Amino acid sequence: MADPRPVVLKLEGITKRFGTLTANDAIGFALHQGEVLALLGENGAGKTTLMNILFGHYTADAGTVEVMGQALPPGQPGAALAAGVGMVHQHFTLADNLTVTENILIGTRPLWRGGLGRAEARARIAALSRDFGLAVHPEAKVRTLSVGECQRVEILKALYREARVLILDEPTAVLTPQETEALFATLKKAVDRGLSIIFISHKLHEVMAVSDRVIVLRHGRVAGEVATAETDRHRLAEMMVGAEVRLPAPSLARPGSALMELDAVSTPPEGTRPGLKSVSLALRAGQITGLAGVSGNGQGALADLVSGLAAPSAGRFEVAGARVERWSPRAALQAGVGRIPEDRHATGSIADFTLTENAVLEDYARPPYSRRGWMNWRAARAHAEKIIKDYDVRCPGPEARIRLLSGGNMQKLILGRALETAPRIILANQPVRGLDIGALTYVQDRLIAARDGGAAVLLISEDLDEILALSDVIHVMSEGRLSPGFPRGTKTPAELGVWMAGQGFDHAA
Amino acid sequence: MEILDILLSASFWAAVLRIASPLIFATMGELICERAGVLNLGIEGIMVAGAFAGWMAVYAGLGLWPGLLVALLTGMAFGALHGLLTVPFGLSQHVVGLGITLLATSSAYYAYRLSLPEVTSPPRIEPFQPVHIPGLSDLPFFGEALFSQTALTYLAFACVIAVALILYRTPLGLALRAAGENPSAVEAQGLSVTAIRIGAVMAGSGLMAVGGAFLTMSAFSSFFFEMVNGRGWICIALVVFGAWRPGKALIGALLFAGFDALQIRLQQTPLGADIPYQVFLMVPYVLSILALVLMSRRAEVPAALMTPYNRGDR
């Protein structure tokens, strides 16, 4: 693989440990000018850590970074920027209270100088927007921008500083398929102008579409390196996981009666988050209903409704065939709703509680876990031990704080907590986000088993592949509106993408 | 009727500006800290320390302006301690702030006792005198109402303009505002969040101390215990009232000073004979709470206020 183009960036022996976890283990590779290098790996493979070291957010325990042959001092984002490295972070680093121009200008001038040079900056930003196809209003407050626009601002920040190397960390995670196409067009323009790009992703088809070369990371090590033209999705997946990949292939569903039914239900918006707009949906027994959409388009509002955190402001809402009058989290639990919340850290568990305490968070007020207001810790502990055993939760024991568990094991405990109550309706909101392949297939298999046992499953995910593989019927949400249900196999990803972008609803209405 | 008479007197307006001056300095100081993301509850104590340090320096023989500089530096020193504990160490800003208030207040009282062990009533210094501005000070009514102040009052207003210019028109202000909203935006652009926040807390604390020094070096000429009397806490509320904007915070300070000047004068009217004076003392606070409720509903709080920033956190 002798590439005649000059090397712009070279990493050697990068090692980084967090406690006992080795996130990066002697990683090294080179990036050539005008190249798109994909860094592929599962969540937790060490991709983001590596890029944070490269950009100076973290200091490596060992190893060196060279840009254009010059060693980069560790732990200094300023030095990385000065050397021409620009980074588009996965979580945007923008100040909401400032305008696009102001965000781009932060740190570009000596602090003690008077004047911001706004006019000059605006002109340059406008020129960059035009040249790279990054449409965004320079005087708009970042607070008012869409996720796609925020990402364009992040790219503009790097281009404004004349970056020669552009690092994009999971840039497509928040985009619609159409926005992703536009991003790829921008990257193409950048490469044509001689920039080099590191594209971090765990989505195989994107890596195949955009990159010249792929480096696969697994458990913090380089597991392989291959020219994109000489490989295919299947082989990349094997390199990434280190084993044969098995996609879940559920048997045909046998849908039963509707256990939860929404008829023209609306909920009020909450801050910037849209509410439901006249949504009609039936969650049927023995069926997985998939909900696709770009995040922040009302999935949260629907999840809140199903789990009892919100009540409808208009429309008819029925659970088990009876119209619901009073709806609360407790009412939802009593109606047999099992909940796997979107954020297992913030809402799914209490970090400093033990596994036992977390296992009974939803049932602590009922026998056998408490009687007459007194906790029965023996019963709670037995329950936790059963979940740990049946759901293969790897942990030091039921009295360990849940904070110590990996995301996958935490999720298994939450899954067990929800499924052990034999729920009639299961809300699975992003159930496999951030899990490794083992935990992921385990969780998916359990959901399919619950479906076959007659539960109605609502699966919310931003990962279209997951939705397509698991769902018996697929709905798409956009700005609080819900598309009609599409039975399994009747829509391609591109067709769903059109709905995700908000088109199609007008015709359907 | 009495209220109208009071509002039409020039001495009332002169009092408003005088009462507002320490509040303006300290409010601008607090505003800088909070815009950078640090709540500085040390304000009350730092004002006490500034009041003492400036006055003591002049009593010990320094000039008025060098004395003011001593107050400023004293405030910055407490600010450095506050910044060190809350920014790189990431300790609770509430606890550190209250601790700084206790520490600064007691240090000032202790130093007072150490340096003046014998006295029963504190010695006086020659304070800042009203500046005669040719032309303006001689105007009928307005001359007395607006232009009969000491240099420090004019400096307070200049300070508002300076803070607004720095916040909105300089790269430094931009970085500071970003640090209070999303510190990672600052770090990702190659600047140090730690340096910006500590710098903001030091500068803000310096201004608080100058606000305290106004009391001993301009409004009065001696240092008394309890003389700051909750003004620092009022300034915390004024920052919220002003929605973290210098101009609106200035209006808030003037409004509060207006209520305060009014209640003192109302106590001397026939009304004051019938109603206990404590009720009048309450007036500015009650009205401030009302104004706060009405004004701060839609304020944009700096999103990262009170959130410590840890580099490389995970």
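None of these values were measured; they are calculated from a predicted model. (Residues numbered from 1 in each chain as written. Chains lettered and ligands numbered in written order. Predicted model: local features only at pLDDT ≥ 70, side-chain atom pairs only at ≥ 80, totals over all residues. Heavy atoms only, no water.)

*Asks:* Sorry if this is basic, but what is going on with the pattern of salt bridges here?
*Replies:* When charged atoms on two side chains of opposite charge get close, those side chains can pair. Residues and elements named next belong to chain A. Counted under the stated rule, the structure contains 30 salt bridges over all chains. The salt bridge involving R366 is made with D363; its shortest N-O contact spans 2.7 Å. For R366, a relative accessible area of 38% gives the class partly exposed. Since its relative accessible area comes to 7%, D363 is described here as buried. Between K386 and E420 there is a salt bridge, with its nearest N and O atoms 3.0 Å apart. A residue pair is termed long-range when its members are at least 10 positions apart, and K386 in helix α12 (residues 377-390) and E420 in the loop between α13 (407-419) and β19 (425-429) qualify at 34 residues. Exposure remark for K386: the relative accessible area of 41% places this residue in the partly exposed category. (Salt bridge = Lys/Arg side-chain N within 4 Å of Asp/Glu carboxyl O. Buried < 20%, exposed > 50% of the residue type's maximum accessible area, 1.4 Å probe, protein only. Helix = DSSP H or I, 4+ residues; strand = E, 2+ residues; numbered from the N terminus.)

*Asks:* What is the right way to look at the domain arrangement of chain A in this model?
*Replies:* Quite often, the size of an interface is put as the accessible area lost when its parts meet. Residue and element names in this part refer to chain A. By the assigned domains, chain A splits into domain 1 (7-93 + 146-241), domain 2 (258-336 + 423-508) and domain 3 (349-418). Between the C-alpha centres of domain 2 and domain 3 the distance comes to 26 Å. In this assembly, 11 residues from domain 2 lie in contact with 11 residues from domain 3. For the domain 2 face of the interface with domain 3, the top three residues by lost area are L333, Y442 and R446, together amounting to 45%. The interface formed by domain 2 and domain 3 holds 0 salt bridges in total. At the level of elements, α10 (329-334) and α14 (437-452) are the ones that each hand at least two residues to the side of domain 2 that touches domain 3. (Domains from an automatic or database assignment. Contact = heavy atoms within 4.5 Å. Buried area = accessible area lost by both parts, 1.4 Å probe.)

*Asks:* When you look at the packing of aromatic side chains in this model, what are you seeing that I'm missing?
*Replies:* Each aromatic ring pair is characterised by the separation of its centres together with the angle its planes make. For the coordinates displayed, the defined rule picks out 18 aromatic pairs over all chains. With centroids separated by 6.4 Å and ring planes inclined at 75°, the aromatic side chains of F52 of chain B and Y112 of chain B adopt a geometry described as edge-to-face. Highlighted residues: F52 of chain B in helix α3 (residues 43-59) and Y112 of chain B in helix α5 (residues 93-115), separated in sequence by 60 residues. Comparing F52 of chain B with Y112 of chain B shows no difference in burial state: the two are buried. Both rings, one in F223 of chain B and one in F225 of chain B, keep their centres 6.4 Å apart while their planes meet at 75°; by these two values the pair is edge-to-face. Note on F223 of chain B: relative accessible area 1%, which makes it buried. Three or more aromatic residues link up through ring pairs in this structure, and these residues are F52, W55, Y59, Y109, Y112, F223 and F225 of chain B. Positioned over the ring face of Y160 of chain A is R124 of chain A, at 4.2 Å from the centre of the ring. Taking the ring centre of Y442 of chain A as reference, the NZ or CZ of K412 of chain A above it sits at 5.5 Å. (Phe/Tyr/Trp six-rings, centres within 6.5 Å; stacked < 30°, edge-to-face > 60°. Lys NZ or Arg CZ within 6 Å of the ring centre and 35° of its normal.)

*Asks:* Sorry, what's going on with the interface of chain B and chain A here?
*Replies:* At the junction of the two partners, chain B supplies 25 residues and chain A supplies 38 residues. Remark: the boundary between chain B and chain A carries 3 salt bridges. We note a salt bridge from E102 of chain A to R177 of chain B, for which the minimum N-O separation is 3.5 Å. On the surface where chain B and chain A come into contact, there are 11 residue pairs in polar contact (both at pLDDT 80 or more). Looking at the side of chain B that touches chain A, the elements that each hand over two or more residues are α7 (151-169), α8 (171-181) and α9 (183-188) of chain B. For the side of chain B that touches chain A, the leading source of residues is α8 of chain B, giving 7 residues. In the side of chain B that touches chain A, the residues fall into 10 nonpolar, 6 polar and 9 charged. (Polar contact = N/O pair within 3.5 Å; in protein donor to acceptor, adjacent residues only side chain to side chain. Nonpolar A, V, L, I, M, F, W, Y, C, P; charged D, E, K, R; others polar.)

*Asks:* Just to check I follow, could you spell out α3 of chain B for this structure?
*Replies:* Spacing of three or four residues puts side chains on the same side of an α-helix, whose turn is 3.6 residues. Taking 1.5 Å of rise per residue, 17 residues should cover 24 Å, and α3 of chain B covers 24 Å from first to last C-alpha, within 8% of that figure. Directly beyond the C-terminal end of α3 of chain B, a positive phi value near 120° is found at G61 of chain B. (Expected span 1.5 Å × (residues − 1).)

*Asks:* Just to check I follow, could you spell out the sheet that holds strand β8 (residues 196-201) of chain A for this structure?
*Replies:* Within a beta sheet, neighbouring strands are joined by backbone hydrogen bonds and run either parallel or antiparallel to one another. Residues and elements named next belong to chain A. Taken together, the 6 strands give an open sheet; going across it, the order is β6-β7-β8-β3-β9-β10, and neighbouring strands pair in mixed fashion. Each having just a single partner strand, β6 (85-88) and β10 (221-227) make up the two edges of the open sheet. The average angle at which neighbouring strand axes cross in this sheet is 20°, direction not considered. When strand β7 (residues 165-169) meets β8, the two strands line up parallel, connected through 5 bridges. Of the residues in β8, the one forming a bridge with I167 is I198. Contacting β3 (36-40), β7 and β8, helix α6 (residues 177-192) runs over the sheet at an angle of about 150° to β8. (Pairing = 2+ DSSP bridges. Axes fitted to C-alpha atoms, helices over the stretch in contact; angles between N-to-C directions.)

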